[in-house]
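Structure assessment
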Amino acid sequence: MYTAHPDRYADMPYRRTGRSGLKLPALSLGLWHNFGPDRPVETQRAILRRAFDLGITHFDLANNYGPPPGAAESALGEFLRTDFAPYRDELVVSTKAGYLMWPGPYGEWGSRKYVLSSLDQSLKRTGLDYVDVFYSHRPDPQTPLEETMGALHSAVQQGKALYVGVSNYSAEQTREAARILGELGTPLLIHQPRYSMLDRRPENEGLLDALDELQVGSIVFSPLEQGLLTGRYLNGIPEDSRAASDSPFLKSETVTEELVAKLRALDGIAKSRGQSLAQLALAWVLRGGRVTSALVGASSARQIEDSVGALARLDFEDEELARIDAVING
């Protein structure tokens, strides 16, 4: 029987999400590709337990996480039943709908039929009566935004979600989604964009400015850029790495000599701050408080501990930020 650590809330900072009453931990756990039947159950359990013991109260999912799709939700559902049942009200569980889940014209994108059917399936897999946050995972170019946002609003009205969010939406799409939801009476809580030292589109394309203007929270995915910012690639491509596999998320040709040189320079900056490269990368996205939470994945409990270590130093000197920019842009 699992008993959570009594001091789990002692050190984790919690940040208010936009103008809502919901606070999220500075680091949240993404149950992406490390939660499925191809991963040892005890490893999965150890990751979840260690995360919660360190104050990570938010577990983030999507309907298609696995593999296979749905497996991550099913895995969490089992752990919620066996380990976390007494702690449900201390947890924030989120899921999403948008990517392909089943054959035919109703198995992906943003129609009302797909979005609400997907949520019902997610609730069955997790064994939950409701999720805390339900997202539109990507904008649908063929479905009116009013329909997709109306489906999110219905999920709240039906008691199947407490809050709603969007992911992978542009600044303009986010503004329009917030307007529609506001008129319906279900505020847009949060946006989940990809953001890292190596991928600054939320800054460059005005998304972070839009979120500030709208008072909408943000939780960023891939802050470690698919592992590139963990230090694993400082000497090229390890044989057991994602880039060496057939993963569609990180290709071997991405890891160029120029990129490795930049990673080594960033690692030097991290060492001067007393941090690992991964800790530097997490601290960077959390700097200044514009980002509510950063999503981290993990293949071991030790990786969770290393990520949480980033929170010991989130401040940056102007000179350090300038050095990082010089490396990235050089």
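Data block above holds the structure.
How each quantity is defined
- Within every chain, residues take consecutive numbers counted from 1 along the sequence as written.
- For this predicted model, a pLDDT threshold of at least 70 governs which residues receive local features, and a threshold of 80 or more governs which side-chain atom pairs are given and counted, while totals over whole chains, interfaces and linings are taken from all residues.
- The side-chain values count all of the structure's non-hydrogen atoms but skip hydrogen atoms and water molecules.
- To pair, rings of Phe, Tyr and Trp, with the six-membered ring standing in for Trp, must have centres within 6.5 Å; the planes then decide the type, stacked if under 30 degrees apart, edge-to-face if over 60, and tilted in the middle.
- Only DSSP runs of H or I covering at least 4 residues are called helices, and only runs of E covering at least 2 are called strands; the numbering of each starts at the N terminus.
- Exposure classes here rest on a 1.4 Å probe applied to the protein chains alone. A residue is buried below 20% of its type maximum, exposed above 50%, and partly exposed in between.
- Should DSSP find at least two bridges between two strands, the strands are taken to pair.
- Every axis in this analysis is a line fitted to C-alpha atoms, fitted for helices over the stretch in contact. Angles between the N-to-C directions lie between 0 and 180 degrees.
- Contacts are residue-level and defined by heavy atoms, with any inter-residue pair within 4.5 Å sufficient.
- For classification purposes, angles smaller than 35 degrees are called roughly parallel, those larger than 145 roughly antiparallel, those between 65 and 115 roughly perpendicular, and all remaining angles oblique.
- In this scheme, a crossing is called left-handed if the near helix is turned counterclockwise away from the far one by less than a right angle; it is called right-handed if the turn is clockwise.
- Classes in brief: Ala, Val, Leu, Ile, Met, Phe, Trp, Tyr, Cys and Pro nonpolar; Asp, Glu, Lys and Arg charged; the others, Gly included, polar.
- The salt bridge criterion pairs a side-chain nitrogen of Lys or Arg with a carboxyl oxygen of Asp or Glu, the two atoms within 4 Å.
- Here a polar contact is taken to be a pair of N or O atoms separated by no more than 3.5 Å, where protein atoms must pair a possible hydrogen donor with a possible acceptor and residues adjacent in sequence count only if both atoms sit in side chains.

**Some words on the packing of aromatic side chains**
- One pass over the full model with this rule turns up eight aromatic pairs.
- Ring plane angle 65° and centroid distance 6.0 Å describe the contact between Y2 and Y87, whose orientation is recorded as edge-to-face. Separated by 85 residues along the polypeptide, Y2 in the segment before β1 (14-16) and Y87 in the loop between α2 (71-82) and β5 (92-97) bring together distant segments of the chain.
- Under the relative-accessibility criterion, Y87 is labelled buried at 11%.
- Here the aromatic residues Y2, F52, F59, F84 and Y87 are joined through ring pairs into a cluster of three or more.

**Topic: the environment of G21**
- Tracing the backbone through its elements, the reader meets G21 in the loop between β1 and β2 (23-25).
- It is 9.9 Å that separates the C-alpha atoms of G21 and L189, two residues lying 168 residues apart in sequence.

**A short note on the sheet that holds strand β9 (residues 217-220)**
- Strands sit in the order β3-β4-β5-β6-β7-β8-β9-β10 around a closed barrel of eight strands; the barrel is parallel. Taken over all neighbouring pairs, the strand axes of this sheet differ in orientation by 30° on average, direction set aside.
- Where strand β3 (residues 27-30) and strand β4 (residues 58-60) come together, two bridges link them in parallel fashion. Residue pairing across strands places L29 opposite F59, the latter belonging to β4.
- Across the sheet, helix α5 (residues 171-184) lies against β7 (161-167) and β8 (188-192), angled at about 160° from β8, the strand it touches most.

**Quick word on the packing of helix α1 (residues 41-53) against α2**
- One can describe the packing of α1 onto α2 by two numbers: an axis separation of 11 Å at closest approach and a directional angle of 65°. Accordingly, the angle class assigned to the pair α1 and α2 is roughly perpendicular. Our pair here, α1 against α2, has a crossing hand that is right-handed. Residues V41, Q44, R45 and L48 of α1 lie in contact with α2, whose contacting residues are A75, L76, F79 and T82.
- Partitioned by chemical class, the residues of the contact of α1 with α2 number five nonpolar, two polar and one charged.

**Let's talk about the pattern of salt bridges**
- Tallied over the full model, the rule gives 27 salt bridges.
- In this structure, the salt-bridge partner of R45 is E42, at a minimum N-O distance of 2.7 Å. Of this pair, R45 and E42 both sit in helix α1, separated by three residues, roughly a single helical turn.
- Taking the relative accessible area as the measure of exposure, R45 reaches 15% and is therefore buried.
- Its salt-bridge partner being R179, residue E176 comes within 2.5 Å of it at the nearest N-O pair. Pair noted here: E176 and R179 are both in helix α5, with a separation of three residues, about one helical turn.
- The class of E176 is partly exposed, set by a relative accessible area of 29%.
- Through salt bridges with shared partners, one network takes in E42, R45, R49 and D83.

**Topic: the environment of V166**
- Mapped onto the fold, V166 is located in strand β7.
- We classify V166 as buried; its relative accessible area is 0%.
- In this structure, V166 is in contact with Y135, S136, M149, T174, A177, L188, I190, H191 and Q192, ignoring residues within four places of it in sequence.

**Structural notes on unusual backbone geometry**
- That bond from G66 to P67 is cis: its omega, -5°, falls within 30 degrees of zero.
- Relative to the elements of secondary structure, P67 occurs in the loop between β4 and α2.
- Cis peptide bonds are those with omega within 30 degrees of zero, and the linkage from P67 to P68 qualifies with -10°.
- Among the structural elements, P68 can be located in the loop between β4 and α2.
- One non-glycine residue with positive phi stands out, namely W109, at about 75°.
- Tracing the backbone through its elements, the reader meets W109 in the loop between β5 and α3 (112-126).
- Look at W109 and you get partly exposed, because its relative accessible area is 29%.
- One non-glycine residue, S222, lies in positive phi territory at about 55°.
- Within the fold, S222 resides in the loop between β9 and α8 (257-272).
- Judged by relative accessible area, which is 13%, S222 ranks as buried.

**What about the side chain of D267?**
- Relative to the helices and strands, D267 resides in helix α8.
- Within polar-contact distance, the side chain of D267 engages the side chain of K271 at 2.5 Å.
- Setting aside its immediate chain neighbours within four residues, D267 contacts L234 and L277.

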